[in-house]
Amino acid sequence: MTHPLLDLPPLTAARFAEIEQRVAGLLATEQDVVIMQGEALLPLEGCIRGGAGPGSTALNVVTGPYGRTFGDWLRDCGADVVDLAVPFHSAVTAEQVGQALADHPEIGFVSLVHAEAATGNTNPVAEIGEVVREHGALFMLDAVASVGAEPLLPDAWGVDLCVIGAQKAMGGPAGVSAVSVSERAWERMAANPRAPRHSYLSLLDWKARWIDAGRRALPHAPAQLEMLALEACLERIEADGPNVVMARHAAAAAATRAGALALGGGLEPYVHEARDAAPVATTLRVPADTDAASLVAAALTADPGLPLVAGGGALAREMVRVNHYGPDATPGAVGASLDALGAALAAVGRKTDRDASRKAVAETWSGR
Ligand SMILES: *Cc1c(COP(=O)(O)O)cnc(C)c1O
């Protein structure tokens, strides 16, 4: 008997190239798209190791935990790193980026995270792209948490390396990822003697063995199941319409924010300004005398399927994340998540208004 996951015909090079084209369509990019056969940290690390090296200076914008990881990689590559860190409850501005570039004219590489699912903020990439382009640096963007949740236009914004993963708002698999690569970025990597070559991290290998070879033969066996899942989630986004999918995420974020404020109990939006809050996920600050991880554990006892997690690392005490992305970008998931948090807060003696919260969620959602 054939097994639906195991006994599949091989994924052809033509099908692989078609999926690549669909990703390019989603990103509205004319640049080369490389689908990397691993989680998004693979292209992110490949981009940094390909674009930076000894003697180069990089501006690393830190608006959450991923920015910290990029800084570590950049230093490990031997680059001089200028860190521009802003509080995780806010966003960086184009002015701040412009000032850092003016202070350090030698900067030749800029790394930025578009939206941070881990901290719930999003950055104004269109405006930042303008100042980076004016300066002339290579611009790398981590768009894993923004793709599918909010507008993402790498070509229009002057992004040279735009990395996406399907596991957040695209509602797809985590095991493959993609990056669009500008002509300038290819030139930079080709000129970098330390750029990964003959390596799983290498973008240049994909260029030589796949793109420049006419996309006729895959360099190695593809992650077939993940590629099929990526194709399926792209089909679903195309069928729903990318704008509809994005509107659903924006509504989820607005409704979560409004619902949390109406709930009370000391719960507050973690990101101060609504305009800096990412559509992909909403972070909430718990009252000072409450432990966020325990609160989430209590909320999940009623329904373990709710998209609730405590913040990572040091944020586990103070932050709750409502991961209203992909299949959870619905009024039901948002309402039930806040309801469960309300019940958990009430159980530790906090005064909450769950009816007001439900009403705020419903009204905010339908008002959009
Ligand atoms: C989710 C995410 C990633 C990928 O990390 P995982 O924890 O493996 O899902 C990368 N960058 C950003 C900004 C993300 O939000």
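Residues numbered from 1 in each chain as written. Predicted model: local features only at pLDDT ≥ 70, side-chain atom pairs only at ≥ 80, totals over all residues. Heavy atoms only, no water.

(A) View of the domain arrangement of the protein chain. One can read the domain layout of the protein chain as domain 1 (13-239) and domain 2 (242-366). Using C-alpha coordinates to define each centre, domain 1 is positioned 29 Å away from domain 2. Listed as interface residues are 21 residues of domain 1 and, on the opposing side, 21 residues of domain 2. Together, the buried faces of domain 1 and domain 2 total about 1,700 Å²; carbon and sulfur atoms form 66% of this surface. The largest contributions to the domain 1 side of the interface with domain 2 come from His-89, Gly-120 and Ala-149, which together make up 28% of the buried area. Along the contact surface separating domain 1 from domain 2 lie zero salt bridges. Linking domain 1 with domain 2 are five residue pairs in polar contact (both at pLDDT 80 or more), by the criterion used here. (Domains from an automatic or database assignment. Contact = heavy atoms within 4.5 Å. Buried area = accessible area lost by both parts, 1.4 Å probe. Salt bridge = Lys/Arg side-chain N within 4 Å of Asp/Glu carboxyl O. Polar contact = N/O pair within 3.5 Å; in protein donor to acceptor, adjacent residues only side chain to side chain.)

(B) How the structure looks around the packing of helix 10 (residues 242-263) against helix 12 (residues 331-347). Where helix 10 meets helix 12, the closest approach of the two axes is 10 Å, and the angle between their N-to-C directions is 25°. Our classification of the angle between helix 10 and helix 12 gives roughly parallel. Our pair here, helix 10 against helix 12, has a crossing hand that is right-handed. Side by side, helix 10 and helix 12 meet where Ala-252, Ala-255, Thr-256, Gly-259, Ala-260 and Leu-263 of the first sit next to Val-334, Leu-338 and Gly-342 of the second. A per-class count over the contact of helix 10 with helix 12 returns six nonpolar, three polar and no charged. (Axes fitted to C-alpha atoms, helices over the stretch in contact; angles between N-to-C directions. Helix = DSSP H or I, 4+ residues; strand = E, 2+ residues; numbered from the N terminus. Parallel < 35°, antiparallel > 145°, perpendicular 65-115°, else oblique. Left-handed = near helix turned anticlockwise from the far one by under 90°. Nonpolar A, V, L, I, M, F, W, Y, C, P; charged D, E, K, R; others polar.)

(C) Structural view of the sheet that holds strand 2 (residues 57-62). Spatial strand order, 1-9-8-7-4-2-3: seven strands in an open sheet with mixed pairing. Pairing within the sheet leaves two strands with one partner each, and these edge strands are strand 1 (32-36) and strand 3 (80-85). Taking the axes of each pair of neighbouring strands and ignoring which way they run, one obtains an average angle of 15° across the sheet. Pairing of strand 2 with strand 3, which is carried by six bridges, proceeds in the parallel orientation. By the bridge assignment, Val-61 is partnered in strand 3 with Leu-84. The sheet contacts of helix 1 (residues 13-26) involve strand 1, strand 8 (161-165) and strand 9 (177-181), and relative to strand 1 the element is tilted by about 120°. Sitting on the sheet, helix 7 (residues 183-191) is in contact with strand 1, strand 4 (107-113), strand 7 (138-142), strand 8 and strand 9, with an inclination near 95° to strand 9. (Pairing = 2+ DSSP bridges.)

(D) Quick peek at the site of the ligand. Close to the ligand lie Glu-39, Tyr-66, Val-113, Ala-115, Ala-117, Asp-142, Val-144, Ala-145, Gln-167 and Lys-168, which account for all nearby residues. One nitrogen or oxygen atom from the side chain of Glu-39 is found 2.5 Å from an oxygen atom belonging to the ligand. Isolated, the ligand exposes 370 Å² of accessible area, and the fraction of that covered by the protein chains is 80%. Among the residues forming the shell around the ligand, the class breakdown is six nonpolar, one polar and three charged. (Near = heavy atom within 4 Å. Areas by Shrake-Rupley, 256 points an atom, 1.4 Å probe, with all protein chains shown as cover.)

(E) Just the pattern of salt bridges, in detail. For the structure shown, the criterion picks out 20 salt bridges. Note that Arg-358 and Asp-355 form a salt bridge whose closest N and O atoms lie 2.7 Å from each other. You can see Arg-358 and its partner Asp-355 sitting in helix 13 (residues 354-366), three residues apart, about one turn around the helix. On the basis of relative accessible area, Asp-355 is assigned to the exposed category, the value being 56%. Overlapping salt bridges, with partners in common, bring together Asp-339, Arg-354, Asp-355 and Arg-358 in one network. (Buried < 20%, exposed > 50% of the residue type's maximum accessible area, 1.4 Å probe, protein only.)

(F) Structural context of the pairing of strand 8. Counting buried positions over the five residues of strand 8 gives five, a clear majority of the element. With burial as the criterion, each face of strand 8 is covered, one bearing Leu-161, Val-163 and Gly-165 and the other bearing Cys-162 and Ile-164. Of the strand pairs in this sheet, strand 8 and strand 9 are connected by five bridges, and their pairing is antiparallel. Considered in strand 9, the bridge of Ile-164 is made with Ala-178.

(G) Molecular detail of helix 10. The end-to-end C-alpha distance of helix 10 is 31 Å, a good match for the 32 Å that 22 residues give at a rise of 1.5 Å each. Backbone geometry just after helix 10 places Gly-264 at a positive phi near 75°. (Expected span 1.5 Å × (residues − 1).)

(H) Focus on the packing of aromatic side chains. According to the stated counting rule, one finds three aromatic pairs in the structure shown. Taking the centre distance of 5.9 Å and the plane angle of 5° together, the rings of Phe-16 and Trp-206 count as stacked. Of this pair, Phe-16 sits in helix 1 while Trp-206 is found in helix 8 (residues 203-211), placing the two residues 190 residues apart along the sequence. Judged by relative accessible area, Phe-16 falls into the buried class, the value being 0%. Centroid distance Phe-70 to Trp-73: 5.9 Å. Interplanar angle 20°. Geometry classified as stacked. (Phe/Tyr/Trp six-rings, centres within 6.5 Å; stacked < 30°, edge-to-face > 60°.)

(I) Structural view of the side chain of Ser-202. Structurally, Ser-202 can be placed in the loop between helix 7 and helix 8. Only 3.2 Å separates the side chain of Ser-202 from the backbone nitrogen of Leu-204, close enough to count as a polar contact. If we skip the residues at most four places from it in the chain, Ser-202 touches Met-36, Pro-196 and Arg-197.

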